[in-house]
Amino acid sequence: MSEIILLFLLGIALLAADAFVSSFILAICGFVAMLGGCALAYRSYGTLAAGLAAVAAVALLATTVYLELVVLPRTRYGRGLTVHSVSGVPGPPPALSSEVLGKTAQALTTLAPSGYVLIDGRRYEAFSQSGLIAKGENVRVVGLDNFRVIVSKT
């Protein structure tokens, strides 16, 4: 009986440790340990004990997954483990429209030939047709290309 309990405890520990590792290897090992506990219960105590062990394993697995995916992210420690933003930009890039064509913009970064420009207080990704443009220079929007503006020296 103690081997079965030890395998279940090992399975729970591995499932809990999987929350802090970026792979499912520990979770798989925990599942295998619990499966081994069920097999030992079947061999030693019969079908009824194996069924009870399987129910316990599923309940422990569900509890562990719930704690890992629902409770942990709400804790202070869990918020440090999760990704909240994938870039330094606070939101999606502004939508491009033909309204920006012909407007004057200021280079926020060096355009060599790509970089960022400021048009009417909004930041846009830009491509320079004129080659290298220094940061702070004024440019004119001459076209649109998918998600960026095409600029040229004024």
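All of these numbers come straight from a predicted model, not from anything done at the bench.

1. With respect to the pattern of salt bridges
One side chain can pair with another of opposite charge once the charged atoms of both are near each other.
So, step 1. Evaluated as defined, the whole model comprises two salt bridges.
So, step 2. When the shortest N-O distance is used, the salt bridge between D120 and K103 registers 2.4 Å. Highlighted residues: D120 in the loop between β2 (114–119) and β3 (122–128) and K103 in the loop between α4 (76–81) and β1 (104–107), separated in sequence by 17 residues.
So, step 3. Take K103: its relative accessible area is 29%, and that puts it in the partly exposed class.
So, step 4. Of the charged contacts, one joins R148 and D145 as a salt bridge, the two residues approaching to 3.1 Å between their closest N and O atoms.

2. A look at the side chain of D18
So, step 1. Relative to the helices and strands, D18 resides in the loop between α1 (2–17) and α2 (25–45).
So, step 2. Nearest to the buried, unbridged D18 among oppositely charged side chains is R74, at 19 Å.
So, step 3. Not counting residues up to four positions away in its chain, the partners in contact with D18 are S23, F24, I25, L26, A27 and E68.

3. Topic: unusual backbone geometry
So, step 1. The omega torsion across A112 and P113 is -15°, close enough to zero to call that bond cis.
So, step 2. Along the polypeptide, P113 turns up in the loop between β1 and β2.
So, step 3. With phi around 50°, D120 is a residue other than glycine that occupies positive phi space.

4. Brief notes about the confidence of the model for the protein
So, step 1. Residues of the protein with pLDDT of at least 70 account for 92%, and the chain-wide mean is 84.
So, step 2. In the model of the protein, α4 stands out as the element of lowest mean pLDDT, 79, in contrast to β1, which has the highest, 93.

Definitions and cut-offs
Residues numbered from 1 in each chain as written. Predicted model: local features only at pLDDT ≥ 70, side-chain atom pairs only at ≥ 80, totals over all residues. Heavy atoms only, no water. Salt bridge = Lys/Arg side-chain N within 4 Å of Asp/Glu carboxyl O. Helix = DSSP H or I, 4+ residues; strand = E, 2+ residues; numbered from the N terminus. Buried < 20%, exposed > 50% of the residue type's maximum accessible area, 1.4 Å probe, protein only. Lys, Arg positive; Asp, Glu negative; His and termini not counted. Contact = heavy atoms within 4.5 Å. pLDDT = per-residue confidence, 0-100.

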